[in-house]
Amino acid sequence: MIEAELSLADDRDDLDYRERLPRVRIVPRIRSLCSLGTVRRRVHVLQWLPKYRVQYLLSDVIAGVTVTLTAIPQSIAYGILANLEPQDGIYSNLVGCFMYFLFGSVKDVTVAPTSIMAIMVQGVVLRLGPGAALLTLLAGAVTFLFGVLNLGFLVRFISMPVITGFTTAACLTIGSAQLRSLFGISSKGKGSDFIDAWENVIHNIGQTRLWDTLLGFSSIAFLVIFRLTKDCGRGKWKVFFKYLSLLRNALVVIIGASLAYALSLEGIEPFKLTGHVEPGVPPFHVPPFSITNNGTHYAFGDMISVMGTSIITIPLVSILEIISIGKAFSKEKIVDATQEMIALGMCNMAVAFTSPLPVAGSFTRTAINNSSGVRTSLGCAVTSSMLLLALALLTDAFYFIPKATLASVVISAMIFMVDYRGIAEIWRVKKLDVIPLVGTVIACLLLGLDYGILIGTAINCCFLLYLISAPTITMETILLDSSCHTLLVRPASDLTFSSAEYLRDRITRAVAEAYEAPIDVVVLDGAGVNFVDTTVAKNLLCVETDLRAKEVGLVLWRWSRATAGALVRLDRNFLPLLRDDKELGEVVRGWREV
């Protein structure tokens, strides 16, 4: 019996019921982090490169080149989407890929600028200009710190409905931001948020350019058709359509640029073009800690104020992306979330010295990498090398890429990024989950993506807090020995401060409402309770006092040593109430004997 054991422990002066706190060894932990073994484990290339086989090389080169053909137009498009120069998108992709080659642990994952990252930094770029590189540096440092401290559990608070809502709102926001380029409208408007983008298009619809619009919608149709036909045909035709689908972005950009170049030779310029792209190696710039942009000086504190919640939301979203993508393509292998956070943090901290555009896991390019047969992370190094080669040799060709074509690349990607199946599953499985989904979508569209995901998570946490504050408690009145009416109370989960008053109220009301057969004893079964706090212990003491005033007994049955110890540490009067008999009848008989 718990009472006897605790009393015996007290007689031995052993104080066995004292709380046993975990031993925290800080110095050994710091030493292990700084050890050579940790460096070898975390610089992941040191693990797989010594085991590299020559027969892997051809597959890695093919995959790296194939990814590059999609990466170039998308990187340029996302650089423009973020209100940066076209080459900034390529710089981010180049550096991000190389750093992931060194630190990444999933061979298929490709780290690159994404539409969500571009839309999340574009407001900061508008106000800080090149100073937005500080946001990329801080976001990378926060991500790296999450990895070092094993804080990946924070992502668990972002539920599937919130993720689906965020992705849906991001697709709508990103697609809306591209309407200006799709219609050839010159006015940039107030911003690229969902409402601002539509307001700009509606107010300036008269600026629509016919040839940009025709090219843009034709390109979208081309991209959608070849995306849908990727599994068509049989044998060689199936392989043909598969690679045609993989290269569709590169093809539509090549066709658009070739058309613009051919027309320019005739002195005709019907399309708005990307313009000059800076050639050469990415320049090295230390992220500024104060900056003057558009005549306004921003000190470090002002820059942090402009960045706001983005310092936290960008790491959370990028971590969520890379871990979910890694799990999707790891073929049931365990993904080292800590390593992926460290890798992503290193990628963004390095990117900050060349471009303000942060990187994350790219689902599209990872899928291409996987389908191209990549064998190791060397494919990322090949992609990085090919991007550097493109900056050296192809920047003149980039000049003629129509902006409408780049807009079509982004919009067509957004069409397929919306998780239509996930929305249907949420509706079918639990209609209550529609509330955080819709709340996240509305908040993201009205307030921005960074605030939206926080509000969506807060809505979901409100549901979680409600469930914690009102746990499932089953109550059953049992007649024992033909004369003892017993109220058996079974909490189904742990008890915390938020549920303390709820438990007390349920017991008090159940006893008061038992008019036909007054309750003699309340047996509180703690088999499903593994945690109680001070508030719960205090309320249980009040329950015992209330019941005693009504001449009703209280027995605490099957409480673990940890939970029983918490009660005894508050008041030793709990000791006589604790019992661990196997049968309820034995519990009641023991209580009556006392």
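Treat the numbers as computed from the prediction; the structure is a model and nothing was measured.

**A word on helix α6 (residues 86-103)**
Here is step 1: For α6, spanning 18 residues, the distance from its first C-alpha to its last is 27 Å, which sits close to the expected 26 Å at 1.5 Å a residue.
Here is step 2: Buried residues dominate α6, accounting for 16 of its 18 residues.

**So, the packing of aromatic side chains**
Here is step 1: Considering all chains together, one arrives at ten aromatic pairs under this definition.
Here is step 2: Through successive ring pairs, a cluster of aromatic residues spans W48, Y52, Y56, F98 and F101.
Here is step 3: Sitting over the ring of W427, K431 keeps its end group 4.9 Å from the ring centre.
Here is step 4: If you follow R558 out to its NZ or CZ, it ends over the ring of W557, 4.3 Å from the centre.

**Some words on the domain arrangement of the protein chain**
Here is step 1: Domains assigned within the protein chain are domain 1 (57-273 + 307-418) and domain 2 (471-593).
Here is step 2: Here the C-alpha centroids of domain 1 and domain 2 sit 58 Å apart.

**Comments concerning the confidence of the model for the protein chain**
Here is step 1: On average, residues of the protein chain carry a pLDDT of 86, and 92% of them reach 70 or more.
Here is step 2: Predicted confidence in the protein chain is weakest over helix α1 (residues 2-11), with a mean pLDDT of 44, and strongest over α6, with 95.
Here is step 3: Per-residue pLDDT stays below 50 along residues 1-15; that stretch engages in 21 contacts with residues further than four places along the chain or on separate chains.

**Considering the side chain of D533**
Here is step 1: As for its placement among the helices and strands, D533 is situated in the loop between β7 (521-525) and α26 (534-549).
Here is step 2: Look at D533: it is buried, it has no salt bridge, and the nearest opposite charge is R569 at 11 Å.
Here is step 3: A polar side-chain atom of D533 sits 3.1 Å from the main-chain amide nitrogen of V536.
Here is step 4: When near neighbours in sequence (up to four residues on either side) are disregarded, D533 contacts L495, T496 and F497.

**Quick word on the UniProt feature "domain: STAS" (unreviewed entry) in the protein chain**
Here is step 1: UniProt feature "domain: STAS" (unreviewed entry): in the numbering of this structure it lies at residues 487-556.
Here is step 2: Measuring from the first to the last C-alpha atom of residues 487-556 gives 12 Å, for a span that is 46% helix and 20% strand.

**Digging into the environment of G345**
Here is step 1: Along the chain, G345 turns up in helix α17 (residues 337-351).
Here is step 2: With near-sequence residues (within four places) excluded, G345 lies in contact with G140, T143 and F144.

**With respect to helix α7 (residues 115-128)**
Here is step 1: End to end, α7 covers 20 Å across 14 residues, agreeing with the expected 20 Å (1.5 Å per residue, within 8%).
Here is step 2: The axis of α7 is deflected most strongly, by about 40°, at Q122.
Here is step 3: Of the positions making up α7, those classed as buried are S115, I116, M117, A118, I119, M120, V121, Q122, V124, V125 and L128.
Here is step 4: Once α7 ends, the next one or two residues include G129, with phi positive near 60°.

**What to know about the state of the cysteines**
Here is step 1: Counted by the stated rule, this structure contains zero disulfides.
Here is step 2: C97 supplies the cysteine sulfur nearest to C380, a cysteine that is in no disulfide, at a spacing of 4.8 Å.
Here is step 3: Judged by its relative accessible area of 2%, C380 is buried.
Here is step 4: The closest cysteine sulfur to the non-disulfide-bonded C444 is located on C171, 11 Å from its own sulfur.

**Let's talk about the pairing of strand β6 (residues 484-491)**
Regular strands show a simple pattern: their side chains alternate between the two faces of the sheet.
Here is step 1: Of all eight residues that make up β6, six are buried, and the element is covered over most of its length.
Here is step 2: Strand direction decides the pairing type here: strand β5 (residues 473-480) and β6, joined by eight bridges, are antiparallel. By the bridge assignment, T474 is partnered in β6 with R490.
Here is step 3: For β6 and β7, the ladder comprises four bridges, and the chain directions are parallel. Across the sheet, the residue bridging to L487 is V522, located in β7.
Here is step 4: Assessed by its sense of winding, the connection that carries the chain from β6 through helix α25 (residues 497-512) to β7 is right-handed.

**Thoughts on the pattern of salt bridges**
Here is step 1: Overall, the coordinates contain nine salt bridges when judged by the stated rule.
Here is step 2: Where D505 meets R509, a salt bridge forms, and the shortest distance between an N and an O atom there is 3.1 Å. Highlighted residues: D505 and R509, both in helix α25, separated by four residues, approximately one helical turn.
Here is step 3: Put simply, R558 and D525 hold a salt bridge, and the shortest N to O gap is 2.4 Å. In this pair, R558 is assigned in the loop between β8 (553-557) and α27 (561-570) and D525 in strand β7, connecting sequence segments 33 residues apart.
Here is step 4: Relative accessible area serves as the criterion here: at 2%, D525 is assigned to the buried category.
Here is step 5: A cluster of three or more residues bridged by salt bridges with shared partners is formed by R490, D525 and R558.

Scoring rules and cut-offs
The residue count restarts for each chain, going from 1 along the sequence in the order it is written. The model is predicted, so local features are restricted to residues of pLDDT at least 70 and side-chain atom pairs to those at 80 or more, both for listing and for counting; the totals for chains, interfaces and linings are taken over all residues. To obtain the side-chain values, all non-hydrogen atoms of the structure were included, while hydrogens and water were left out. For the purposes of this entry, the term helix denotes a DSSP run of H or I that reaches at least four residues, the term strand denotes a run of E that reaches at least two, and both are numbered from the N terminus. What a helix is expected to span follows from its residue count: subtract one and scale by 1.5 Å. In this scheme, a residue with accessible area under 20% of its type's maximum is buried, one over 50% is exposed, and one in between is partly exposed, where area comes from a 1.4 Å probe on protein chains only. Centres within 6.5 Å are what make two rings of Phe, Tyr or Trp a pair, Trp counting through its six-membered ring; a difference in plane orientation under 30 degrees is then read as stacked, over 60 as edge-to-face, and the rest as tilted. For a lysine, the NZ atom is tested; for an arginine, the CZ atom; a charge sits over a ring if that atom is within 6 Å of the ring centre and within 35 degrees of the ring normal. Where a domain begins and ends is set by an automatic assignment or by a domain database. Every residue gets a pLDDT, meaning the predictor's confidence in that residue, from 0 to 100. In what follows, a contact means two residues having at least one pair of non-hydrogen atoms within 4.5 Å. For the purpose of charge, His is not counted, nor are the chain termini; Lys and Arg are scored as positive and Asp and Glu as negative. Put simply, a salt bridge is a Lys or Arg side-chain nitrogen that is within 4 Å of an Asp or Glu carboxyl oxygen. Two N or O atoms form a polar contact when they lie within 3.5 Å of each other; inside protein one atom must be a possible hydrogen donor and the other a possible acceptor, and for residues adjacent in sequence the pair counts only when both atoms belong to side chains. UniProt positions are given in the numbering used here, feature names are shortened, and annotations may be inferred rather than shown by experiment. What we call the bend at a residue is the angle made by axes fitted to the seven residues finishing there and the seven residues starting there. Put simply, a disulfide is two cysteine sulfurs that come within 2.5 Å. Pairing between strands requires that DSSP locate at least two bridges from one strand to the other. Crossover handedness is defined here as right-handed if the route from the first strand over the helix to the second strand goes clockwise, with the strands pointing away from the viewer.

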